[in-house]
Every structure is written in C-alpha cells, then in structure tokens.
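Structural description and commentary
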Amino acid sequence: MILKKDLEYYYLKRLEKGDRNAFDVIFLHYYPRVKLYLFSFLKDEEIAKDLSQEIFIKIWINRGTISNVNNMSAYLFRMAKNAIYNHFQHNLIKQKFLSTLQEVPVYEDFLEEYMFSDNLQEIIDVTITKMPRRRKQIFIMSRQEGLSNKEIAEKLNISKRTIENQLTLALAQLRKKLIDPKL
C-alpha cells in the first residue's frame, strides 16, 4: 500500500518540522519495502536491516528539506540503490586492502624487527661510549662521519696504521658485545 499523494505530502511537511509521529508513520510504511528491496540484492538479512536503518537515519537528519521530495517511494528506492552500490564498493575496497595485507609481511614481524634493531642500536651506542677516548673518536670519524683512514690520520696527526689498528679493536669489541650483550 502506498500513501496517497496528499497524505504523504502532509506527513513530509510535519516531518520537516521535526514531528516524530510523522517520521514513525513514514518509517512504518516504507521500512519493510526498503528492507525487502535491499535483501533482494544483498541476500543478507542483517546487512539489509542495517542499510535500511541508515537510510531512515539520513531521512531524519535531512528532514529539513524532505518536503521537496515529490515521490517518497522513488526517493527511498534511489537511496537504497545508492546504499547497495556503496556497500559493494566498500566490500571491493576492503577485499583489495586485505589482499595487499596478505602480500606484505605481518605487522608483528615489523614490530619485532624494529624492536630488535632498536635494541641492537642501543647495544652499539653503549659499547661505543665505553671505548677508550681515542678509539671511540676514530670509530665515530670512520663509521659515522664517513672519513677515510687517511683523512682521520691527517686530522688526528697519527699514523694510518694506528687508525687501522684502533678500528680493528673497535670492531672486535663490538662483535664481542653483539655476540654476548651481557659481557
């Protein structure tokens, strides 16, 4: 049963003014038909209910302009058609997202790797700070500042062989600490 045109207009005018009873009449009249229409496409009762309710929530929210609607039935079914389209579009995007997640290593792996690298860097930093002053200075100039052994030797006014020996000792100290951090 469809509301007669003049009766529908009367309820839409009352709805526009915020009349909850008018909304109830429109809801009770159209909700079952909208839900059935949605269900015929979606084949899922719960999703059809949810989308139907969302449509009527939008009707209530936009009630201030509802009397401009000439044919409430057509208006609701256009909203239902858009809801179906949006639902399928959302599911498509969701499926694409989930398939890309399967191609990428799991987040926990990233977190574990990050924590390991952070811990590793902390061990390296602590080990460097515990090196003798000159060895630490040479190691930092070589590994962090990127200077060559020759450049370091010239800056510190020591032999290139001393630079090589100090770097060998620094790397040995780091290896030892990385193998057993408790040392």
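For the structure, see preceding data.
Residues numbered from 1 in each chain as written. Predicted model: local features only at pLDDT ≥ 70, side-chain atom pairs only at ≥ 80, totals over all residues. Heavy atoms only, no water.

Comments concerning helix α2 (residues 20-42)
- Taking the largest bend as the criterion, α2 deviates by roughly 40°, centred on tyrosine 30, and proline proline 32 comes between one and four positions later.
- By the burial criterion, the buried members of α2 are Ala22, Phe23, Ile26, His29, Tyr30, Tyr31, Val34, Leu38 and Leu42.
- For α2, the N-terminal capping position is held by aspartate 19, with its side-chain oxygen 2.8 Å away from the main-chain nitrogen of asparagine 21.
- Looking one or two residues past α2, lysine 43 carries a phi angle of roughly 60°, positive in sign. (Bend = angle between axes of the 7 residues up to and from the residue. Helix = DSSP H or I, 4+ residues; strand = E, 2+ residues; numbered from the N terminus. Buried < 20%, exposed > 50% of the residue type's maximum accessible area, 1.4 Å probe, protein only. Polar contact = N/O pair within 3.5 Å; in protein donor to acceptor, adjacent residues only side chain to side chain.)

Re the pattern of salt bridges
- Counted under the stated rule, the structure contains 5 salt bridges.
- Notably, a salt bridge pairs lysine 49 with glutamate 46, separated by 3.8 Å at the nearest N-O pair. Taken together, the residues span about one helical turn, with lysine 49 and glutamate 46 both in helix α3 (residues 45-61) at a distance of 3 residues.
- Taking the relative accessible area as the measure of exposure, lysine 49 reaches 29% and is therefore partly exposed.
- Accessibility expressed as a relative area gives 47% for glutamate 46, which makes it partly exposed. (Salt bridge = Lys/Arg side-chain N within 4 Å of Asp/Glu carboxyl O.)

Considering the nonpolar core
- Among the nonpolar cores identified, the biggest contains 25 residues, and Leu38 and Met72 are the most heavily contacted of them.
- Listed by contribution, the elements that provide at least two residues to this core are α1 (5-16), α2, α3 and α4 (72-103).
- Among the elements that make up this core, the one with the highest residue count is α2 (8 residues).
- Those residues in contact with leucine 38 that sit more than four places away from it in its chain are Ala48, Leu51, Ser52, Ile55, Ala80 and Ile84.
- Counting residues in hydrophobic clusters, the runner-up holds 13 residues, among them Met131, Ile152, Ala153 and Ala170. (Core = buried A, V, L, I, M, F, W, Y, C linked by side-chain atoms within 4.5 Å. Contact = heavy atoms within 4.5 Å.)

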